[in-house]
Amino acid sequence: MKVIQSIEEMKKEMRRHRHERESIGFVPTMGYLHEGHLSLVREAVKRTDCTVVSVYVNPTQFGPNEDFEQYPRDLDKDAEILDEEGVDYLFTPKDSDMYPNEYRTYVEVQDLQDVMCGASRPGHFRGVCTVVMKLFHIVGPDRAYFGQKDAQQAVILKKMVEDLNMDIAISVLPIVREKDGVALSSRNSLLKKEERSAARCLFRSLQLAMEAVRGGKRESSEVVNLIRNEIGKEKSAKIDYIEIVNKNTLESMMEIKQGRTLIALAVYIGKVRLIDNMIV
Ligand code: PAF
């Protein structure tokens, strides 16, 4: 596996692969890799000729009071794991190259960026779209891979690619969970022992919601109440949002329509903000 930091070198390598008519699969990440990332990496390795993974903790997607500094990082371990998975390139650009002093250009996907996580993290999706667009231009992939855990991010990036006529296929792969149901996330490593156990309330509440829908409940407000009650049982949990929306447009749904509805949550466990979701 080649580890590349320079944007120009990365572009040059990718030009060579395109010239040889090889397909390029790309997995953008912020590192501290777990099985959720690896499910994307394995799919890319299986489906494309050349696999590129980026590890870049993107400063523009963090608000001023968010956890940019605390975000977990371990580039050496990530590199070791990716090498074992058969990845061809690890791209680790520098902040000063991605966002030099005179940097002025940002990408926004209107409306979709303002709801759910966007409402509590203003500017977050502007940062995500900008960095992903830049990485897409540098790598020039045929296909890029994202996780369903970041359901809103996936919807927004699909829209960005569609609206800007980019020839990049987007694959969204299922959430990978621990045995106890907690969705894998690099931020789980920031949880204290008791908090890790409290974090189970997200999945537990989604399961309850799912059971209620299977049992015939359709009214969104009732399902939201079920989830709120379940999460309320955990002392260290503080709900940021519980949303029931159309899984493609993110529009609020008063009534659950089977197969088309996304139930999404963001919950603080202590100081750590976790998200999870389920399509019902
Ligand atoms: O999902 C993430 O890890 C990040 O938002 C992404 C897509 C790598 C952009 O920084």
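Everything below is about the structure printed above this text.
Below is a summary of the structure that appears in this document. Model, not experiment: these values are computed from the prediction.

Some remarks on the sheet that holds strand E6 (residues 169-173)
Here's step 1: Taking strand neighbours across the sheet as the criterion, the six strands line up as E1-E4-E3-E2-E5-E6 in an open arrangement whose pairing is parallel. Edge positions in the open sheet fall to strand E1 (2-4) and E6, since each of these has one partner strand only. With strand direction ignored, the average angle separating the axes of adjacent strands in the sheet is 25 degrees.
Here's step 2: Here strand E2 (residues 24-29) runs beside strand E5 (residues 143-147); their pairing, made up of two bridges, is parallel. When the sheet's bridge partners are listed, Gly 25 is paired in E5 with Arg 143.
Here's step 3: Helix H6 (residues 124-139) contacts E2, strand E3 (50-55), strand E4 (89-91), E5 and E6 of the sheet and is inclined by roughly 150 degrees relative to E2.

Here we look at the pairing of E2
Here's step 1: Within E2, six of the six residues are buried, leaving the element largely enclosed by the surrounding structure.
Here's step 2: Across six bridges, the pairing between E2 and E3 is parallel. The residue of E3 that forms the bridge with Ile 24 is Cys 50.
Here's step 3: Note on the crossover from E2 through helix H2 (residues 35-47) to E3: the handedness is right-handed.

As for the site of the ligand
Here's step 1: In the vicinity of the ligand, the residues found are Pro 28, Thr 29, Met 30, Asn 58, Gln 61, Val 128, Val 131, Val 132, Phe 146, Asp 150 and Gln 153.
Here's step 2: Within the side chain of Gln 61, a nitrogen or oxygen atom sits 2.6 Å from an oxygen atom of the ligand.
Here's step 3: Gln 153 has a polar side-chain atom sitting 2.7 Å from an oxygen atom of the ligand.
Here's step 4: Computed on the free molecule, the ligand has an accessible area of 290 Å², of which 89% lies beneath the protein chains in the complex.
Here's step 5: Those elements that provide at least two residues to the shell around the ligand are E2 and H6.
Here's step 6: Here the element with the most residues in the shell around the ligand is H6; it accounts for three residues.
Here's step 7: Partitioned by chemical class, the residues of the shell around the ligand number six nonpolar, four polar and one charged.

Re helix H1 (residues 7-19)
Here's step 1: Here H1 spans 18 Å end to end across 13 residues, near enough to the 18 Å set by a 1.5 Å rise per residue.
Here's step 2: Where H1 is buried, its residues contact E1, E2, E3, E4, helix H4 (95-98) and H6.
Here's step 3: Put simply, Ser 6 is the residue that caps the front of H1, since its side-chain oxygen is 3.3 Å from the backbone nitrogen of Glu 8.
Here's step 4: Once H1 finishes, Arg 21 follows within two positions and takes phi at roughly 60 degrees, a positive value.

Concerning H6
Here's step 1: The terminal C-alpha atoms of H6 lie 22 Å apart, and with 16 residues this matches the ideal 22 Å at 1.5 Å per residue to within 8%.
Here's step 2: With respect to burial, H6 is a largely interior element, 14 of its 16 residues being buried.
Here's step 3: In the segment just after H6, Gly 140 is the residue with positive phi, at about 65 degrees.

Some remarks on the pairing of E3
Here's step 1: The buried count for E3 comes to six of six residues, which makes it a mostly enclosed element.
Here's step 2: The two faces of E3 match: Cys 50, Val 52 and Ser 54 on one face and Thr 51, Val 53 and Val 55 on the other face are all buried.
Here's step 3: The pairing of E3 with E4 spans three bridges and is classified as parallel. Counterpart to Val 52 in the pairing with E4 is Tyr 89.
Here's step 4: In this fold, the crossover linking E3 to E4 by way of helix H3 (residues 75-84) has right-handed handedness.

Observations concerning the environment of Val 139
Here's step 1: Here Val 139 is to be found in helix H6.
Here's step 2: Under the relative-accessibility criterion, Val 139 is labelled buried at 0%.
Here's step 3: Beyond its immediate stretch of four places on either side in the chain, Val 139 contacts Met 14, Arg 18, Ile 24, Phe 26 and Val 52.

Some thoughts on the packing of H6 against helix H7 (residues 151-163)
Here's step 1: At their nearest, the axes of H6 and H7 sit 11 Å apart, and the two run at 55 degrees to each other. In terms of their interaxial angle, H6 and H7 are classed as oblique. When you trace H6 past H7, the crossing you get is right-handed. On H7, the residues that touch Phe 125, Val 128, Cys 129, Val 132, Met 133 and Phe 136 of H6 are Gln 152, Gln 153, Ile 156, Leu 157, Met 160 and Val 161.
Here's step 2: Its residues assigned to classes, the contact of H6 with H7 comprises 10 nonpolar, two polar and no charged.

About the thresholds
Residue positions are given per chain, counting from 1 as you read along its sequence in written order. Owing to the predicted nature of the model, reporting of local features is limited to residues with pLDDT of at least 70; listing and counting of side-chain atom pairs is limited to 80 or more, with chain, interface and lining totals taken over all residues. Water and hydrogen atoms play no part in the side-chain values, which are based on all heavy atoms of the structure. In short, DSSP must find at least two bridges between two strands for them to pair. A helix here means a DSSP run of H or I that spans at least four residues, while a strand means a run of E at least two residues long, and both kinds are numbered starting from the N terminus. Only the stretch in contact is used when a helix axis is fitted, and all axes are lines through C-alpha atoms; the angle between N-to-C directions ranges over 0 to 180 degrees. The contact rule is simple, with two residues in contact once any of their heavy atoms fall within 4.5 Å. Exposure is judged per residue with a 1.4 Å probe applied to protein chains only, and the accessible area is read against the type maximum: over 50% gives exposed, under 20% gives buried, and values in between give partly exposed. We call a crossover right-handed when, viewed with both strands directed away from the observer, the connection leading from the first strand over the helix to the second proceeds clockwise. One heavy atom within 4 Å of a molecule or strand makes the whole residue count as near it. Two N or O atoms count as a polar contact when they lie within 3.5 Å, although within protein this holds only if one can serve as hydrogen donor and the other as acceptor, and sequence-adjacent residues are included solely when both atoms are side-chain atoms. Note on areas: these come from Shrake-Rupley sampling with a 1.4 Å probe, and a residue is covered only by the protein chains present in the view. Charged residues are taken to be Asp, Glu, Lys and Arg, nonpolar residues to be Ala, Val, Leu, Ile, Met, Phe, Trp, Tyr, Cys and Pro, and polar residues to be all remaining types, Gly included. Given a helix with a known number of residues, its expected span is that number minus one, times 1.5 Å. Should an angle fall under 35 degrees it is called roughly parallel, over 145 degrees roughly antiparallel, and 65 to 115 degrees roughly perpendicular, with every other angle called oblique. Note on convention: the crossing is left-handed when the near helix lies turned anticlockwise from the far helix by less than a right angle, right-handed when the turn is clockwise.

Interpretation in functional terms is not warranted from these geometric data alone.
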